[in-house]
Amino acid sequence: MKCVKCGKKAVINLPYASKAYCHSCFTKYYEKRVKKTIMKHKMFNKKDLIGVGVSGGKDSIDLMYVLHRLGYNLVAITIDEGIKGYRNETIPFVKKLCKQLKIPLHIYSFKKELGKTLDEVVKKKKRHACSYCGVFRRHLLNKAARELGCDYLAVGHNLDDEAQTILMNFFHSELDRMARSGAVTGVVKNNLFVPRVKPLREISEKENVVYALLKGLEYDDIECPYVKDSLRADVRKTINFLENKHPGIKIGLLHSFDKMLPFLKENFGKEQKLKKCKSCGEITSGETCKVCDFLKEVK
Amino acid sequence: MIEVEERGKKRKVSGVKDVSALFEKLKLNPDEYVVSVNNKIVLEDEKLKNNDKVKLYPVVSGG
């Protein structure tokens, strides 16, 4: 198969876009699309300080690299959940790239900030590990971005993550949560909350792997040991099966969701009055926040 | 016979003429892997020959 731009041998085929690209044309196409996503959703500009959530996996490594190439002002934030044999393997890749690009790195750990590693939480678990981890990780990323004075928090969510999340929210009838999601998260503005942005949301996992390999970026491709039994893992398998048979369903799902989002924002989540958690002072819609509720649960 | 490596584990596979046939033989979804042959990223239509070194990069990672 040949590159649609220059006719050289293609390294990636994008059936959903009816395009194939060679090494050089793909990396340009990739960077152009990230820039286009940032502009389309008016995410941020070059005066803003962007906190980049970097785990050491391909998506966040690509995100930090491409935002740096595009000339944005960055600070890297890594959350160490305390998952033995997983996070300790991925953090060295973050440190290496931050050093290479001269981007300051700040590591926030579950153990130091919340008193328990995820491995310790899971021993007493009443829910799936991903439920605890998602809440704790979002909380710490927001806290770190706020403490570091960031205007936005950029996360490496890709097209696959977005498609999975949309379906999972539908399955659980989480319309309030859907209203808060999208390219720039949040419905109600609050100075305790740093808006989260997703510059890679229109780029598939596969494109991220190819970009990382072509750019020689080192990342860890270990799968989190806790993800296997999750609903997300099943949804991912199903969507990938469908995408292989019917190319374009992932991007179609995302675009449909984007068209619905103004309606969702208008009708859901607006009445939610944000208060300060009685226990920790973070923002919440209830009396206490989910982080404190979950920590109490696994005490 | 070709050598196939995935996440550091190697195995020998025979009787596959191209990458597409390799995916079929290993029952893998092509949407979930990037493939290199002899250190060059290739597509599913890439022909395979004896002693080729194939590396499979799973696209699914993280949590």
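Residues numbered from 1 in each chain as written. Chains lettered and ligands numbered in written order. Predicted model: local features only at pLDDT ≥ 70, side-chain atom pairs only at ≥ 80, totals over all residues.

A. Main features of the overall build of chain B. A tally of regular secondary structure across chain B gives one helix and five strands. When the elements of chain B are put in sequence order from the N terminus, they spell out β-β-α-β-β-β. The C-alpha atoms of chain B give a radius of gyration of 11 Å, which matches the 11 Å a tight globule of 63 residues would have. For chain B, the proportion of its 63 residues judged to be buried stands at 30%. Counting contacts in chain B only where the partners sit at least 6 residues apart, residues at least 24 apart contribute 52% of the total. (Helix = DSSP H or I, 4+ residues; strand = E, 2+ residues; numbered from the N terminus. Rg over C-alpha atoms; globule rule 2.2 N^0.38 Å. Buried ≥ 20, exposed ≤ 12 C-beta atoms within 10 Å, placed from the backbone. Contact = placed C-beta atoms within 7 Å.)

B. Summary view of the sheet that holds strand β2 (residues 9-13) of chain B. Read from one edge of the open sheet, five strands run β2-β1-β5-β3-β4 (chain B), paired in mixed fashion. Each edge of the open sheet carries a strand with a single partner, namely β2 and β4 (40-42) of chain B. Neighbour to neighbour, the strand axes of the sheet diverge by 30° on average, direction disregarded. In this fold helix α9 (residues 205-214) of chain A packs onto β3 (33-37), β4 and β5 (53-58) of chain B, with an angle of close to 35° to the strand it touches most, β3(B). (Pairing = 2+ DSSP bridges. Axes fitted to C-alpha atoms, helices over the stretch in contact; angles between N-to-C directions.)

C. Region of the structure containing the interface of chain B and chain A. Of the residues lining the interface, 16 residues belong to chain B; the matching set on chain A comes to 26 residues. Counted by class, the side of chain B that touches chain A contains eight nonpolar, four polar and four charged residues. (Nonpolar A, V, L, I, M, F, W, Y, C, P; charged D, E, K, R; others polar.)

D. Molecular detail of the sheet that holds strand β4 (residues 73-80) of chain A. All names here are of chain A. If you walk across this open sheet you meet the five strands as β5-β4-β3-β6-β7, and the pairing is parallel. A single partner strand is all that each edge strand has here, and the edge strands are β5 (105-109) and β7 (196-197). As paired strands, strand β3 (residues 49-53) and β4 are joined by five bridges and run parallel to one another. In the strand pairing of β4, G51 is matched with V75. The strands touched by helix α2 (residues 58-69) within the sheet are β3, β4 and β6 (152-154), with β3 carrying the most contacts at an inclination of about 160°. Strands in contact with helix α3 (residues 87-101) are β4 and β5; relative to β4, the strand with the most contacts, it is inclined by about 165°.

E. Highlighting the environment of C133(A). Residues and elements named next belong to chain A. Locating C133 in the fold gives a position in helix α6 (residues 129-147). Looking at C133, the number of C-beta atoms within 10 Å reads 22, which means it is buried. Between the C-alpha atom of C133 and that of T37, which follows or precedes it by 96 residues, the distance is 28 Å.

F. Layout of the nonpolar core. Residue and element names in this part refer to chain A. Residues Y21, I50, V52, M64, L67, Y152 and A154 are the most contacted members of the largest nonpolar core, which totals 87 residues. Of all the elements, α6 adds the most residues to this core, at eight residues. Apart from the residues lying within four places of it in its own chain, the contact partners of V52 are L63, M64, L67, L74, A76, I77 and A154. (Core = buried A, V, L, I, M, F, W, Y, C linked by C-beta atoms within 7 Å.)

G. Looking closely at the packing of α2(A) against α9(A). All names here are of chain A. Running from N to C, α2 and α9 cross one another at 60°; their axes reach a closest spacing of 9 Å. In terms of orientation, α2 lies oblique with respect to α9. Helix-helix and strand crossings are classified by hand; for α2 and α9 the assignment is left-handed. Taken together, the residues of α9 that come into contact with α2 (itself represented by K58, D59, I61 and D62) are N208, V209, Y211 and A212. Across the contact of α2 with α9, the residue classes tally to four nonpolar, one polar and three charged. (Parallel < 35°, antiparallel > 145°, perpendicular 65-115°, else oblique. Left-handed = near helix turned anticlockwise from the far one by under 90°.)

H. Main features of unusual backbone geometry. All names here are of chain B. Its identity is not glycine, yet N38 carries a phi of approximately 50°, on the positive side. One can find N38 in the loop between β3 and β4. Of the residues examined, N38 has 11 C-beta atoms within 10 Å and is grouped as exposed. Although it is not a glycine, N39 sits at a positive phi angle of roughly 70°. Structurally, N39 can be placed in the loop between β3 and β4. You can call N39 exposed: it has 8 C-beta atoms within 10 Å.

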